[in-house]
Amino acid sequence: MTSSTPPSGASNRLPSGTQAPGRELAGATLSCVVPAFNEHDNLGVLLPRLQAVLAQIGANWEIIVVDDGSRDNTAELMAAWVLNPGFRFVQLSRNFGKEPAITAGIEAATGDVVMILDADLQHPPELLPAMLARWQAGVDMVYAVRETRADESTSKRWGTKLFYSLLAGSRGVTVPPDAGDFRLMDRAVVNALRQLPERNRFMKGLYAWVGFQSESISYTPAQRQHGQTHYSAFKLLTLALAGSTSFTTWPLRAVSLFGFLVSLCSFTYGLYIVGEYFLFSNPTSGWPTIVTILLFFSGITLISIGIVGEYIARIFEEVKGRPLYIVRQASGRRFRD
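To start, this report covers the structure provided alongside it.

Rules and cut-offs
Residues numbered from 1 in each chain as written. Predicted model: local features only at pLDDT ≥ 70, side-chain atom pairs only at ≥ 80, totals over all residues. Heavy atoms only, no water. Pairing = 2+ DSSP bridges. Helix = DSSP H or I, 4+ residues; strand = E, 2+ residues; numbered from the N terminus. Axes fitted to C-alpha atoms, helices over the stretch in contact; angles between N-to-C directions. Contact = heavy atoms within 4.5 Å. Salt bridge = Lys/Arg side-chain N within 4 Å of Asp/Glu carboxyl O. Buried < 20%, exposed > 50% of the residue type's maximum accessible area, 1.4 Å probe, protein only.

Structural notes on the sheet that holds strand β3 (residues 87–92)
Turning to step 1, where the next piece is worked out: Strand order in the open sheet made by the eight strands is β7-β5-β6-β4-β1-β2-β3-β8, with mixed pairing throughout. The strands lining the two open edges of the sheet, one partner per strand, are β7 (214–219) and β8 (327–332). When the angles between neighbouring strand axes are averaged without regard to direction, this sheet yields 20 degrees.
Turning to step 2, where the next piece is worked out: Two strands pair when backbone bridges link them, and strand β5 (residues 141–146) and strand β6 (residues 179–186) are joined in this way by four bridges, in the antiparallel orientation. Pairing of methionine 141 across the sheet is with methionine 185, part of β6.
Turning to step 3, where the next piece is worked out: The sheet strands contacting helix α1 (residues 40–54) are β1 (29–36), β2 (60–67) and β3, and the helix crosses β2 at an angle near 165 degrees.

Focus on the pattern of salt bridges
Turning to step 1, where the next piece is worked out: Counted according to the given criterion, the structure contains five salt bridges.
Turning to step 2, where the next piece is worked out: Of the charged contacts in the structure, one is a salt bridge between glutamate 126 and arginine 49, with a shortest N-O distance of 2.8 Å. With glutamate 126 in the loop between β4 (113–116) and α4 (128–136) and arginine 49 in helix α1, this residue pair connects regions lying 77 residues apart in the sequence.
Turning to step 3, where the next piece is worked out: Its relative accessible area of 44% is what places glutamate 126 among the partly exposed residues.
Turning to step 4, where the next piece is worked out: Put simply, glutamate 215 and arginine 134 hold a salt bridge, and the shortest N to O gap is 2.6 Å. Taken together, the positions of glutamate 215 in strand β7 and arginine 134 in helix α4 put the pair 81 residues apart, joining distant regions of the chain.

This is the structure:
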């Protein structure tokens, strides 16, 4: 069901009364990118479902499974699937992470339209026709938003809300809070994403940064049928840190503001001590005051250095110029009618 009022993340909409140019699906090519890490069992269910959906849309299609260093039998499973036209397998040399795996799939895709969905069956492939209908109407990027987060823990919901509120309006970019990687993109959007060279990638932010006419479509994620999520609390925190340092400078500004407030409080406290000494002749307690102030400012200094260090570490990663991922092998044939 397409949402009538897309969230604030929908960007670059056409002016009211302007009709977007339509697109023809006949003769178009469609690439489906599926990043996977230890998803052998889920892929065995997803691929037939996705194939059945694609067979009904009337376009040339390909399915690209990107193996992000899986340690299960994903490679053996895909060795059989790539014998069929339209199935491709890109195996990375190790586990580089989901963001590089998505990038590898985007760079391997050659279709006029590119769809990204997870391999854990939580992104229903049956939503593809509705997304394609919006693309045919002229929308450049159709992203799926969760109708509810009731299946998540309270701490995760609050953490997600806090994170996206900090990103809101960052450098003119608004990241839709309930949207993920599940989306369909026109070739123009894909080409724009391929021009971004950064290695510390926060894909949700990059989707919003490139702009284009975007529209949301709501869905309810299904339950994972096999295995467990690979996103631990630590990985989520790492991703949030990457997003914060990639798209905002608020941590640095927060440190500067806090330093100013502490300096103001210290100056006020100093005036209070001096006034108390001259007006009431009260002796100044030296040792406890000095120790407390030193410990407080030492902690603030270490926190500030750590925040600045995160940005420096990002610069260090970028200037090394290492490839975002390395492909161990690639197999399969492009496009099936």
